[in-house]
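Each chain, letter by letter, is given below.
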Amino acid sequence: MADPMPMTDSSITTVAPGWAIAALGILGALAVTAAMLDGALAARAGGGPGGKMGGPVRPFGEAARLMRQRRRTTVEADRLLWRIGGAGLLVVAALMVTVVPLGEWTIFDLDVGVMWFNAMDVMVWALVWLTGWGANSAHSLVGGYRFLAHGLGYELPLMFALVAPAIAAESLNVGAVAAAQEGLWFAVWMPVAFLVYLLGVAAFSVWGPFAPAIGTDVSGGAQVELSGVDRLVFEAGRYALLAAGAAFAVPMFLGGGAGPLLPGWAWVLVKTVALLAVLVWLRRRLPAFRPDKFMEVGWMLLLPAVLLQDLVVAVIAVWRS
């Protein structure tokens, strides 16, 4: 792989395409870390490690079991769409992190990097729905539509939560947003936008309160017909999306690679792991959201709150200028 190629008009360095392999490796390591922590918390909640399948090693045992399991299929399933839905989650997570600066390095230094991330999270709607639709099963289709109903409640608040740091930085470039936080992180004076963003990450990862869309109730959810490697890929995609969402929060709200002693790339990883741990820990601390109730919360509470946050940020930005 070639050496990084510095951009002439930015403090962010765009690396050669071959470095994308390293980015995928980091994303995979973060996803595995999230799965191990989730396994440890699940074992603790269950009262003990649960033998060889318990604790931090639980995800590895589950992965081995799914790899040995024979794939099932339903009558007249659209296998192409079905598998695109599951595998697409991993692809979307990988595309999300391409605009996240690791210290001074990034794969794509896009002028509209914030919008790129938002476009990728919207793609999750289609992918989860395809997972439910492609199986040609009533239960999985109900799970797919349920996720779309959740999306109606979280997507607009998430979009406006991403607008707040962009307004403050006067840029949609992720590196510029991180650089604009010198001295004070945006999470400190944009708490509403930060919290709404984290809720959006949990939602597009089908995580915690939004898990009923994938099978914590009687219908079985969008992934009810998945088995073997197909289910393993879908679950890996959820952890990868959670990791990508945590990583994107670092330049948007937590100052990017800013910090004492450690190099910038190390601070990005430390902050990402810390935020990822919080998201995993919250999985079992929040009640499940029914789609109809969450739409009320999203439109009547979250959206007005984040719009007010945007207004406050805009006023401060104008006053500073």
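Residues numbered from 1 in each chain as written. Predicted model: local features only at pLDDT ≥ 70, side-chain atom pairs only at ≥ 80, totals over all residues. Heavy atoms only, no water.

Here's the deal with the pattern of salt bridges
1) Next: Counted under the stated rule, the structure contains five salt bridges.
2) Next: Notably, a salt bridge pairs R283 with D38, separated by 2.4 Å at the nearest N-O pair. A residue pair is termed long-range when its members are at least 10 positions apart, and R283 in the loop between α10 (264–281) and α11 (291–320) and D38 in helix α1 (residues 20–45) qualify at 245 residues.
3) Next: Among the ionic pairs, R65 bridges to E62, the shortest N-O distance being 2.6 Å. With R65 and E62 both in helix α2 (residues 58–68) and three residues apart, this pair spans about one turn of that helix. (Salt bridge = Lys/Arg side-chain N within 4 Å of Asp/Glu carboxyl O. Helix = DSSP H or I, 4+ residues; strand = E, 2+ residues; numbered from the N terminus.)

A few points about unusual backbone geometry
1) Next: One non-glycine residue, E170, lies in positive phi territory at about 55 degrees.
2) Next: The residue E170 is located in the loop between α5 (138–169) and α6 (174–179) in this model.
3) Next: Phi angles above zero are rare outside glycine, and V206 is one such case at about 50 degrees.
4) Next: With respect to the secondary-structure elements, V206 resides in the loop between α8 (191–204) and α9 (228–253).
5) Next: According to the relative accessible area criterion, V206 is buried, its value standing at 1%. (Buried < 20%, exposed > 50% of the residue type's maximum accessible area, 1.4 Å probe, protein only.)

Points about helix α3 (residues 79–97)
1) Next: The terminal C-alpha atoms of α3, which comprises 19 residues, lie 28 Å apart, in line with the 27 Å expected from a rise of 1.5 Å per residue.
2) Next: When the local axis directions of α3 are compared, the greatest deviation, roughly 35 degrees, occurs at A87.
3) Next: Looking at the buried residues of α3, the elements they touch are α1, α4 (113–134), α8 and α9. (Expected span 1.5 Å × (residues − 1). Bend = angle between axes of the 7 residues up to and from the residue. Contact = heavy atoms within 4.5 Å.)

Focus: α4
1) Next: Its 22 residues give α4 an end-to-end C-alpha distance of 31 Å, which sits within 8% of 32 Å, the value for a rise of 1.5 Å per residue.
2) Next: N136, located one to two residues past α4, shows a positive phi value of around 55 degrees.

Topic: the side chain of T98
1) Next: Among the structural elements, T98 can be located in the loop between α3 and β3 (105–106).
2) Next: Among the polar contacts listed, one links the side chain of T98 to the backbone oxygen of L95, at a separation of 2.6 Å.
3) Next: Those residues in contact with T98 that lie beyond four places of it in its chain are T106, I107, F108 and W116. (Polar contact = N/O pair within 3.5 Å; in protein donor to acceptor, adjacent residues only side chain to side chain.)

Quick notes on the packing of aromatic side chains
1) Next: Scanning the model with the defined rule gives 10 aromatic pairs in all.
2) Next: Measuring from ring centre to ring centre gives 6.1 Å for F117 and F204, while their planes differ by 65 degrees; the resulting arrangement is edge-to-face. With F117 in helix α4 and F204 in helix α8, this residue pair connects regions lying 87 residues apart in the sequence.
3) Next: Relative accessible area serves as the criterion here: at 0%, F117 is assigned to the buried category.
4) Next: We classify F204 as buried; its relative accessible area is 0%.
5) Next: Here the aromatic rings of W129 and W133 are separated by 5.2 Å at their centres, their planes lie at 20 degrees, and the arrangement is stacked. One end of the pair, W129, and the other, W133, are both in helix α4, four residues apart, so they sit about a helical turn from each other.
6) Next: On the basis of relative accessible area, W133 is assigned to the partly exposed category, the value being 42%. (Phe/Tyr/Trp six-rings, centres within 6.5 Å; stacked < 30°, edge-to-face > 60°.)

Observations concerning the side chain of S171
1) Next: Here S171 is to be found in the loop between α5 and α6.
2) Next: In terms of polar contacts, S171 uses its side chain to reach the backbone amide nitrogen of N173, at 3.0 Å.
3) Next: Dropping the residues within four chain positions of it, S171 is found in contact with A166, A176 and V177.

Here we look at the nonpolar core
1) Next: Residues Y197, F204, F248 and F253 are the most contacted members of the largest nonpolar core, which totals 78 residues.
2) Next: Contact partners of F248, with chain neighbours within four places excluded, come to V99, V100, G113, V114, F117, L162, V174 and Y197. (Core = buried A, V, L, I, M, F, W, Y, C linked by side-chain atoms within 4.5 Å.)

Things to note about a nonpolar patch on the surface
1) Next: Taken together, the side chains of V32, M36, V57 and F60 make up a nonpolar region of the molecular surface, amounting to roughly 320 Å² of accessible area.
2) Next: By the element assignment, M36 lies in helix α1. (Patch = residues over 30% accessible without salt bridge, like charges linked within 9 Å, V, L, I, M, F, W, Y side chains within 5 Å. Areas by Shrake-Rupley, 256 points an atom, 1.4 Å probe, with all protein chains shown as cover.)

Some words on the confidence of the model for the protein chain
1) Next: Residue-level pLDDT values for the protein chain average 85, and 92% of them are 70 or greater.
2) Next: Scored below 50 in pLDDT, residues 1–10 makes 18 contacts in the model with residues more than four places away or belonging to other chains.
3) Next: Of the regions scoring below 50 in pLDDT, residues 48–52 engages in five contacts with residues more than four places distant in sequence or in other chains. (pLDDT = per-residue confidence, 0-100.)

Points about the packing of α1 against α9
1) Next: The geometry of α1 relative to α9 is characterised by a closest axis approach of 8 Å and an angle of 110 degrees between their N-to-C directions. Between α1 and α9, the angle is such that the two are roughly perpendicular. For the pair α1 and α9, contact is made by L27, L30, A31, A34, A35 and D38 and by Y239, A240, A243 and A244, respectively.
2) Next: In terms of residue class, the contact of α1 with α9 is built from nine nonpolar, no polar and one charged. (Axes fitted to C-alpha atoms, helices over the stretch in contact; angles between N-to-C directions. Parallel < 35°, antiparallel > 145°, perpendicular 65-115°, else oblique. Nonpolar A, V, L, I, M, F, W, Y, C, P; charged D, E, K, R; others polar.)

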